[in-house]
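Working through the structure, step by step
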Amino acid sequence: MATTGIPTSLTQGSGTRGGIGESTLRPDGTLKVTGEFAYASDLWHEDMLWGHTLRSTVAHAEIRSIDTAEALATPGVHAVLTYEDLPAAVTHYGLEIKDTPVLAHGKVRHHGEPVALVAADHPETARRAAAKIRIDYADLPVVTDEASATAPGAPLVHEHRTDPYARHVPHPNVLHRQPVIRGDAARAAERADVIITGDYVFGMQDQAFLGPESGLAVPAEDGGVDLYVATQWLHADLAQMAPVLGLPEEKVRMTLSGVGGAFGGREDISMQIHACLLALRTGRPVKIVYNRFESFFGHVHRHPARLHYEHGATRDGKLTHMKCRIVLDGGAYASSSPAVVGNAASLSAGPYAVEDVDIEALALYTNNPPCGAMRGFGAVQACFAYEAQMDKVAAALGMDPVEFRRINAMEQGTLLPTGQRVDSPAPVAELLRRVKARPLPPERQWLVAGEEADVRALPGGLSNTTHGEGVVRGVGYAVGIKNVGFSEGFDDYSTARVRLEVVGGVPVAVVHTAMAEVGQGGVTVHAQIARTELGVTQVTIVPADTRVGSAGSTSASRQTYVTGGAVKNSCEHVRERVLEIGRRKFGTYHPAWATAELLLEDGKVVTDGGEVLAALVDVLEDEAVEVEREWRHRPTEAFDLRTGQGNGHVQYSFAAHRAVVEVDTELGLVKVVELAVAQDVGKALNPLSVLGQIHGGSTQGLGVAVMEEIIVDPVTAKVRNPSFTDYLIPTILDTPTMPVDILELADDHAPYGLRGVGEAPTLSSTPAVLAAIRAATGLELNRTPVRPEHLTGT
């Protein structure tokens, strides 16, 4: 179905108000748009102190000394902490590799690394005191790229590596390496009528969430600490925090506070440990809120990448082989780089059937800012390169670029380069057909009846920089493939506690998970699942915390699949218990129960008749049913470290874009006029949320195409633009019309047949915009973002 809003056919639901398939409104939506929603930065405690982190001003240096005396003497300061003050023998943390120090010790490895902490009775006092800490640095050589990282005698970013990847890499500054080899790419190249190579550069992107890192740590009477924080993964935070605080996990209690966006940037620890250390040292609640400048240093970014690709094809348009080498800059610490490498390698061929591949992906340790998770997670960088290659091969063959893609498009049953077979719908060709078939937006007429049209619609028109001179239009296409969920044998599960009880004569479902609601709409979907599975209308969502089992991270497009699956599973167990109670109470002779029993037993509890609601009141009038269960999707397996073979992913998602751009070739300015999308979502549990995810992901892809990049000085490894003044993100004025085609081709392995939605549109939007700019200008444009000087040659 095609829409620029919500498809009517998807809004009808199935009976119970607010059930699966309906565009149920978010419970927090009105509060957020009116400014009444409480974010983590709004937390308050009457006797709290304010924490601040002092960060390194250099990228790589020996720490000769730290003098905190003047800071400690500042009136209003309650504590100053350095590495020497850490309370436990464990002093490092990390998502996969524990290589990140809580506070720098001996040396700093990147610009902005935490060195010391201050707690004071006012945030400005804390900042002024931190500025008084004297650190004597002795500069060390910086490693900033592959050449400086792997040259003979190159300085080591980490002198003593003990992680499990260390013995599988060719150099100590190579963090992780994953080849994928299938068939014989060299021999297959002999069959090619054309061979196209290309080198591509992908810039460092920031998640640019609007709510800065923030939290409040409150010391407890039992010697533990309660932390209220904006995060993506409560239990991963807990597992990393407790050892360095010197506390058992049960004494570190975490509650999710209001989160103002995430996109991967909150998957790692930021201020969590620092706030708790200060609270435990002072015996007072401590609040830390980053300003925007500090936020750019306080979280990981998207890996910048250099990619070399080779594709061959026969004259009739069939791909013969693919070779590629992807080098990702992981920065100073590992974060989730190994998993990003695995994604980049396994998805580097794109959504195409190609039998012979020779792939290598690796991540480097450098003295650049640490990089980790961001929406698209390794597949974004690869998609940018392989889609540029598709256009180049099609041009060399004299073929239409969409038709060339459709000839080579994978489908259900295709064998991937990793040897895994796609066992659910893969409508790549259909997605491409849909975006191409959509009518193009009308050409703009800059002169109408002898008068100029509204110049605000032109590239740079809001600044009155042009009146249409040198403006040309281009159209470009792209399609991408993204995995859903955690991969490579990771135990990817979620936990849900569901309680069904009667309150005031009304059956109420209470759903408790540790899922981090970061704006994706999980709290809405969980209520929809409970209504659908239990036949109730009233659902309460308990705030996420660590009193319930882990829900995993709100990332990898996994929460609706995995935590939604956990809620569904627990609801099914609740339903079984209700059946047992009802049969015990009523036997088979109660007419109302007999009707409700049939509906419950078949799982068809979504009904307009009210039989289930009435029966639930009778069954549960004097007792409640509560179930907590873990739920797992089907298992994955690790990729072979030599060949890359293995069933590494649980599910794939696909999206295609068509971009229409207008380029002022004289000024080097670009305006994206339209960004049409077609995406298969399996099942739209909440069509309004699905549309929002597609629009949001497409906009982030547009941003990295034409404006977003963290600039790191290649000599000093210092960040040049840590602010929204100099790091530009798309505003409403940059965001084009985005018509959307939503396909619902069920994945039989997934709850309700759903398919992860949030990441796939981020992949193909970037190369579609670049393809459109190339079509308008005739330029090769092999890097992101495209800057004015790339278009004007000045």
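Everything quoted here is computed from the prediction, not taken from an experiment. (Residues numbered from 1 in each chain as written. Predicted model: local features only at pLDDT ≥ 70, side-chain atom pairs only at ≥ 80, totals over all residues. Heavy atoms only, no water.)

1. Here we look at the pattern of salt bridges
Two side chains bearing opposite charge may form a pair once their charged atoms approach each other closely. Going by this rule: Every case where a carboxyl oxygen of Asp or Glu lies within 4 Å of a side-chain nitrogen of Lys or Arg is listed as a salt bridge. Relative accessibility thresholds used throughout: buried, under 20% of the residue-type maximum; exposed, over 50%; partly exposed, between the two (1.4 Å probe, protein chains only). Only DSSP runs of H or I covering at least 4 residues are called helices, and only runs of E covering at least 2 are called strands; the numbering of each starts at the N terminus.
Applying the stated criterion across every chain yields a total of 44 salt bridges. Here Arg161 ties to Asp163 by a salt bridge, and the two come within 3.0 Å at their closest N and O atoms. The residues Arg161 and Asp163 share a single accessibility class, namely buried. The closest approach of N and O atoms between Arg473 and Glu662, which form a salt bridge, is 2.9 Å. With Arg473 in strand β21 (residues 471-484) and Glu662 in strand β26 (residues 651-664), this residue pair connects regions lying 189 residues apart in the sequence. On the basis of relative accessibility, which here comes to 19%, the residue Arg473 falls in the buried class.

2. Observations concerning the pairing of strand β23 (residues 506-512)
Put simply, the test is: Only strands joined by at least two bridges in the DSSP assignment are considered to pair. Seen with its strands pointing away from the viewer, a crossover is right-handed when the path leading from the first strand over the helix to the second is clockwise.
Among the seven residues of β23, six are classified as buried, and the element is accordingly described as predominantly covered. Here strand β22 (residues 493-503) runs beside β23; their pairing, made up of seven bridges, is antiparallel. Bridging across to β23, Val503 finds its partner in Val506. The hairpin turn running from β22 into β23, its antiparallel successor, is two residues long, and Gly504 in that turn takes a positive phi close to 60°. Handedness of the crossover is the feature at issue here: the chain leaves β23, passes through helix α13 (residues 522-534), returns alongside strand β24 (residues 538-542), and the resulting connection is right-handed.

3. Here we look at the nonpolar core
To keep things clear, this is the line we draw: Only buried residues count toward a nonpolar core, which is a set of Ala, Val, Leu, Ile, Met, Phe, Trp, Tyr and Cys residues joined through side-chain atoms within 4.5 Å. The contact definition used throughout considers only heavy atoms, calling two residues in contact when any of these lie within 4.5 Å.
Core analysis: the largest hydrophobic core is formed by 89 residues, its most contacted members being Tyr309, Ile326, Phe404, Val769 and Ile773. In this structure, Phe404 is in contact with Ala313, Gly317, Leu319, Met390, Val393, Ala394, Leu397 and Met399, ignoring residues within four places of it in sequence. Of all hydrophobic cores here, the second largest spans 52 residues; its members include Val252, Val259, Leu278 and Ile288.

4. Description of the sheet that holds strand β7 (residues 107-108)
The three strands are arranged β7-β3-β9 in an open sheet whose pairing can be described as antiparallel. Whereas interior strands pair on both sides, the edge strands pair on one side only; in this sheet they are β7 and β9 (134-139). Of the strand pairs in this sheet, strand β3 (residues 61-67) and β9 are connected by six bridges, and their pairing is antiparallel. If you follow Asp67 over to β9, its bridge partner there is Arg134.

5. With respect to the sheet that holds strand β13 (residues 225-229)
Filter applied, for reference: Axis geometry follows a simple rule: fit a line to the C-alpha atoms, using only the stretch in contact for helices, then measure angles between N-to-C directions, giving values from 0 to 180 degrees.
Spatially, the seven strands line up as an open sheet ordered β4-β8-β2-β15-β12-β13-β14, and their pairing is mixed. Either end of the sheet is taken by a strand with one partner, and the two such strands are β4 (77-81) and β14 (252-256). Neighbour-to-neighbour, the strand axes of the sheet open up by a mean angle of 20°, direction not taken into account. Across two bridges, the pairing between strand β2 (residues 49-55) and strand β15 (residues 286-289) is parallel. Looking at β15, one finds that Leu49 is bridged to Val286. Lying over the sheet, helix α3 (residues 123-131) contacts β2, β4 and β8 (114-120), oriented at roughly 30° with respect to β2.

6. A word on the state of the cysteines
Covalent bonding between the sulfur atoms of two cysteines defines a disulfide. Defined as follows: The disulfide criterion is simple: two cysteine sulfur atoms within 2.5 Å.
A full pass over the atoms with the stated rule returns zero disulfides. In this structure Cys324 is a free cysteine whose sulfur lies 13 Å from that of Cys383, the closest cysteine sulfur available.

7. A few points about a nonpolar patch on the surface
What counts is decided by this rule: Residues with no salt bridge and a relative accessible area higher than 30% make up the patches, which join like charges within 9 Å and nonpolar side chains (Val, Leu, Ile, Met, Phe, Trp, Tyr) within 5 Å. Accessible surface area values rest on a Shrake-Rupley calculation with a 1.4 Å probe, where residue burial reflects the displayed protein chains alone.
A cluster of nonpolar side chains, namely Leu462, Ile732 and Leu733, defines an oily patch on the protein surface of about 350 Å² accessible area. When you line up the elements, Leu733 lands in the loop between α17 (687-706) and β28 (740-743). When its relative accessible area of 54% is taken as the criterion, Leu733 is described as exposed.

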